[in-house]
Structures are given as C-alpha cells and as structure tokens.
Amino acid sequence: MATEQWFVGPLPQGPGETPPPGDLEPGAPHCGDPSWSTPPDRPADPADLEPKDAQGPLPEAPASTPSPEPLTPGPGPTPPSLPLDTMFSPITEQLHYLLKKADDFQSYLLYRDRVQKEQLAKAMPTFLKMCEPYFLYLEAAARSVPPIYGALQELVRKGLLEISQQLTLRLEQLVLMYASFGFVDLEETDPLSISCFFCGRFSISSSHEVSIFRYCAPAAYTASRFPRYLYKKMRWNLETTPEPSSRGQDSHVDYYFLCYRDTWEDTGKNPANSCAQIQKLWSIGRWVPLGPVDDDLYSWILCPQPPGDYQQLLTIGFEEPSHMLATDLLVQILTGQAGTARPPSAAGASAWAAQGS
C-alpha cells in the first residue's frame, strides 16, 4: 500500500553507509488491534493530527473529560475482569510503536547533510502531534475523576502514568537532539519554536480540566527574566468552565508552573566551589498577572510583554521531582482548594499578592 513520505525522495547513501533499521521507513504499527493505530504511518499535515482525532478509537477513557459516572452494579453475575497484562497489552504495543518512531526520527540525523533543514524542522512538530492522542488517553484514563477502573484503579493508574512519563522523557531527549543540530529552536519568544510540548489532559471535577506541558529545556520564567533566577520546567493550564447554573461567569484559564530558583545566582556564589546538589530549589507556583489592567484590546497590543509574578504554593526541595510526581503534587494543591473558594483567578492579582506577602 502506498504511503506518503516524510521526506521527498529516498535519502542517498554514501560509500560504506548503511541505512538505519527499516530503511528510514517507519514500519507498520506494532499494534494487533487496529483501533490502537491512531497515528497514521506518514501524516501529510500536522493539522490532521489534532487531539480531537484521538478521542474516537482509544478505549475506556474519553480524551475530553470529565469521565462519566460509574455504573451501579445491578443484580446478576459479575462479568469477568481482564488480567492486568491483557489490559495493558494494546497500550504497551502502542508505546513500542511510538518509541520505534522516535528511533526512526533520530536516525534521520545521520543523513542531515543530504536532507533539507526545512524538512527536518517540519518533521519534529508533526511527530509530537502524532503522540498527542496517546497522551490524552493515558492521562485521562489515569487521573480523571471519578475513577473508571474500580478496585484496580491505583495499579492501573500507576502503570499508565509510568508509560506516559517514559514517552515524555524520550520525546524531550529527541527534541533536544534536534535542537543541538539547529533543526528546531527552543527559544520561547519564537512562535515557531518547540520550547515545550503537550503531555496530556485530565479532569479534577466536572468544571475543571488540567492540561500538561513540559519544557524541553529549563526556560526563564519570563522573557524579561523577572522574577530573577527563576526557571520553569513544566506548565499546567487549569481550565475552568462555569456550571450551567452559574450566571455572569466566563470560562478562564489559570497557569501553574514547576520551577527552580538558582540559589547560587541569587547569592552571587560560585557553584564550582560548593555542592552542586543544592544549587536548584524546586517549587510549584502560580502565574499572577500584573497587567495590563484594562481589558481593552489596544492595551494588550501596546504591551510588549504582559507582566506577571510567581506565587509559590509548594516548596519541594533541592531534588527535581519526576514528571509524574510533579503533576501528583499539583493535583494535591488544587484539590486542597476545592470547596473553599473559586479557583485563584477569581480572587484577583491583588488578593493573591497579599497572601504571598
């Protein structure tokens, strides 16, 4: 069956060169179940790979949350439950398929002298789009409430999140490798850069959804480098949709970050003369907007960069938390606020600044 090519024409081989496995052709999906083969072998356009495409074929959990209420068991025999190995089989097969794709994209770098830079630059964001439906399924199935796996929820949750973390770290490694050759840009101020990538979405209530993004390399908290010595590694968008009964309230988004403060930059000391392990103090905090005050469109156009501050909510310590643990900690922070007040943005920047002082 004919398939579209990532690159125009085959890659030429020099004397003594051997092509990478699969002849640089990502093979057919490893999945035995066709419903798990969400990403096509050769997507023609990144627009074809929007997360909405993933919501159909992936089983068990919807990509858009909240999850449906669990069914109350009725009278009659209980249907037999699947063993965990059987339940995870199509999931791990899809993971192996995407990891194999990542290896293929890495092998393209061997032929970088004979492939146009524009082609490699376009291939990377396209591949990241291919992974989005898988991330959507993993995080929604593992974290969304109410639980959908009953007594097995914790075992299934841990397994799904470990898979999500494994793929996330592999993609981060791949993007950094492409950036080291100059094929992609990591500078956040460049709208065409790949400074961060999408890692899934889940719900914590019927009106609150969390989207996960991971920065490929630590980035200054703001382009103006304020607050000073603060660098971000992950971002979570908390999307709030008002209840149907609520009036006069609009949907809004709050932003949370996993950051570290470079303590040696802050004190002016030289880390070479001290313990490197205590150089970075990790924390989770919230973006506090400081302007523009007016909602007028021209105020935003004339503002070179919306100013904001960092409200530290949790100090983690000098060891970077894993990708999975960082989101677990954020969920604990958010659910601790549940039932006491509307999400932070309702209080306004001045109220939150007063709490942080």
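Residues numbered from 1 in each chain as written. Predicted model: local features only at pLDDT ≥ 70, side-chain atom pairs only at ≥ 80, totals over all residues. Heavy atoms only, no water.

Participant: I keep staring at the packing of helix 2 (residues 117–143) against helix 3 (residues 153–180) and nothing clicks. Help me out?
Facilitator: Each packed pair of helices is defined by two parameters, the angle between the axes and the distance between the axes. Contact geometry for helix 2 and helix 3: axes closest at 9 Å, N-to-C directions at 165°. On the basis of the axis angle, helix 2 is roughly antiparallel to helix 3. For the element pair helix 2 and helix 3, the recorded crossing hand is left-handed. Residues Leu120, Met124, Phe127, Leu128, Cys131, Tyr134, Phe135, Leu138, Glu139, Ala141, Ala142 and Arg143 of helix 2 lie in contact with helix 3, whose contacting residues are Gln153, Arg157, Leu160, Leu161, Ile163, Ser164, Leu167, Thr168, Leu171, Leu174, Val175 and Tyr178. For the contact of helix 2 with helix 3, the residue count by class is 18 nonpolar, three polar and three charged. (Axes fitted to C-alpha atoms, helices over the stretch in contact; angles between N-to-C directions. Helix = DSSP H or I, 4+ residues; strand = E, 2+ residues; numbered from the N terminus. Parallel < 35°, antiparallel > 145°, perpendicular 65-115°, else oblique. Left-handed = near helix turned anticlockwise from the far one by under 90°. Contact = heavy atoms within 4.5 Å. Nonpolar A, V, L, I, M, F, W, Y, C, P; charged D, E, K, R; others polar.)

Participant: Sorry if this is basic, but what is going on with the sheet that holds strand 3 (residues 230–240) here?
Facilitator: Hydrogen bonds along the backbone pair up the strands of a sheet, which may run parallel or antiparallel. Reading across from one edge, 1-2-3-4-5-6 is the order of the six strands in this open sheet, with antiparallel pairing throughout. Whereas interior strands pair on both sides, the edge strands pair on one side only; in this sheet they are strand 1 (196–205) and strand 6 (308–317). Put simply, the sheet's adjacent strands are angled 25° from each other on average, direction ignored. Sheet topology note: the strand 1/strand 2 (residues 208–220) ladder contains seven bridges and is antiparallel. In the sheet register, Ser203 faces strand 2, and the bridge partner there is Glu209. (Pairing = 2+ DSSP bridges.)

Participant: Just to check I follow, could you spell out the confidence of the model for the protein chain for this structure?
Facilitator: Predicted coordinates in regions of low pLDDT should not be interpreted in detail. Of the residues in the protein chain, 64% have a pLDDT of 70 or more, and the chain-wide mean is 74. Here residues 1–80 is modelled with pLDDT under 50, and outside its nearest four sequence neighbours on either side it reaches 143 contacts, counting other chains as well. Throughout residues 338–357 the model reports pLDDT below 50, and contacts reaching past four residues in sequence, or to other chains, amount to 24 contacts. (pLDDT = per-residue confidence, 0-100.)

Participant: Can you help me understand the packing of aromatic side chains in this one?
Facilitator: Working definition: an aromatic ring pair is given by the centre-to-centre distance plus the angle between the planes. All chains considered together, the criterion is met by 10 aromatic pairs. Here the aromatic rings of Phe105 and Tyr108 are separated by 5.3 Å at their centres, their planes lie at 70°, and the arrangement is edge-to-face. On the criterion of helical spacing, the pair formed by Phe105 and Tyr108 is a turn pair, its members being three residues apart in helix 1 (residues 84–108). In terms of burial, Phe105 and Tyr108 fall into one category: buried. With a centroid separation of 5.7 Å and an interplanar angle of 45°, the aromatic rings of Tyr221 and Trp287 are classed as tilted. On the criterion of sequence distance, the pair formed by Tyr221 in the loop between strand 2 and strand 3 and Trp287 in strand 5 (residues 280–289) is long-range, its members being 66 residues apart. Given a relative accessible area of 2%, Tyr221 falls into the buried group. Members of the aromatic cluster, joined through ring pairs, are Tyr221, Phe257, Trp287 and Tyr310. (Phe/Tyr/Trp six-rings, centres within 6.5 Å; stacked < 30°, edge-to-face > 60°. Buried < 20%, exposed > 50% of the residue type's maximum accessible area, 1.4 Å probe, protein only.)

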